[in-house]
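Residue-level structural notes
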Amino acid sequence: DAGITQSPRHKVTETGTPVTLRCHQTENHRYMYWYRQDPGHGLRLIHYSYGVKDTDKGEVSDGYSVSRSKTEDFLLTLESATSSQTSVYFCAISAKQGWGNEQFFGPGTRLTVL
Amino acid sequence: QQQVKQSPQSLIVQKGGIPIINCAYENTAFDYFPWYQQFPGKGPALLIAIRPDVSEKKEGRFTISFNKSAKQFSLHIMDSQPGDSATYFCAASRGSNYKLTFGKGTLLTVNP
């Protein structure tokens, strides 16, 4: 998985609780991404980062925030989890911008919000 | 607005068959078209990618065909094997924009 770890790998939480998912990379890649995967929707970008402390929104960012204080770590926070945020979350990294933007994906975190 | 439309949702073929998965895009600024393969419980992994100035690209048993005028591209898997059973995603992005837009995926089953 290209030096990408995600933690936790599985989590069950209650509606209304805060949840933080962590993505850690050992590749020193500049770009990091958070996606969610849901049946019938494919992969949808939540947030991405183009450097330390530089982040921007993706297509489904409502209800999520991110932080990147170090090159190797990208955190995804659900401030107040809802059942609609039950999903599998994938982190991805890429070394470059422009053509050939190969993204390497982590193993995923399965989140269940009850 | 779904910018990359993928079909079919699922596909079943016999071993040795040639499954074909199709994608259509809307944004003519896209210039990078990768295909990702995902096995159950794993993250997607890049399989093959093409740029719009090339009509076909082959890597092993996997071929991308690209039709710029129709804004369509497809994945062909030659001599398919049961080990190719997975979910396949097409995607697209602009060269200077590193955000990938994914299709909804195709679940491929190759029967022995």
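As shown above, the structure is provided for reference.
Read on for an overview of the structure. Owing to the predicted nature of the structure, the values given are computational and were not obtained by experimental measurement.

The subject of this paragraph is the interface of chain A and chain B. Contacts between the two partners involve 24 residues from chain A and, on the opposite side, 20 residues from chain B. Here chain A and chain B share an interface that buries about 2000 Å² over both sides, 59% of which is from carbon and sulfur atoms. At the surface where chain A touches chain B, the tally comes to 0 salt bridges. Counting every contact that joins chain A to chain B gives 2 residue pairs in polar contact (both at pLDDT 80 or more). Put simply, the parts of the chain that give the side of chain A that touches chain B at least two residues each are strand 4 (31-38) and strand 5 (42-51) of chain A. Looking at the side of chain A that touches chain B, the element that brings in the most residues is strand 5 of chain A, giving 5 residues. Along the lines of polarity and charge, the residues of the side of chain A that touches chain B split into 11 nonpolar, 10 polar and 3 charged.

The linkage connecting S7 of chain A with the following residue, P8 of chain A, adopts the cis geometry, with an omega of -10°. Within the fold, P8 of chain A resides in the loop between strand 1 (4-7) and strand 2 (10-13). Here the bond from S7 of chain B into P8 of chain B is cis, since omega is -5°, no more than 30 degrees from zero. Along the chain, the position of P8 of chain B falls in the loop between strand 1 (4-7) and strand 2 (10-14). The backbone of N28 of chain A shows a phi angle near 60°, a positive value even though the residue is not glycine.

Okay, the pairing of strand 9 (residues 86-92) of chain B next. All names here are of chain B. Taken across its 7 residues, strand 9 has 6 buried, putting it largely inside the fold. With 3 bridges joining them, strand 9 and strand 11 (residues 106-111) adopt antiparallel strand pairing. Considered in strand 11, the bridge of T87 is made with L107. As paired strands, strand 9 and strand 10 (residues 101-102) are joined by 2 bridges and run antiparallel to one another. Residue pairing across strands places A91 opposite F102, the latter belonging to strand 10.

Conventions and cut-offs
Residues numbered from 1 in each chain as written. Chains lettered and ligands numbered in written order. Predicted model: local features only at pLDDT ≥ 70, side-chain atom pairs only at ≥ 80, totals over all residues. Heavy atoms only, no water. Contact = heavy atoms within 4.5 Å. Buried area = accessible area lost by both parts, 1.4 Å probe. Salt bridge = Lys/Arg side-chain N within 4 Å of Asp/Glu carboxyl O. Polar contact = N/O pair within 3.5 Å; in protein donor to acceptor, adjacent residues only side chain to side chain. Helix = DSSP H or I, 4+ residues; strand = E, 2+ residues; numbered from the N terminus. Nonpolar A, V, L, I, M, F, W, Y, C, P; charged D, E, K, R; others polar. Buried < 20%, exposed > 50% of the residue type's maximum accessible area, 1.4 Å probe, protein only. Pairing = 2+ DSSP bridges.

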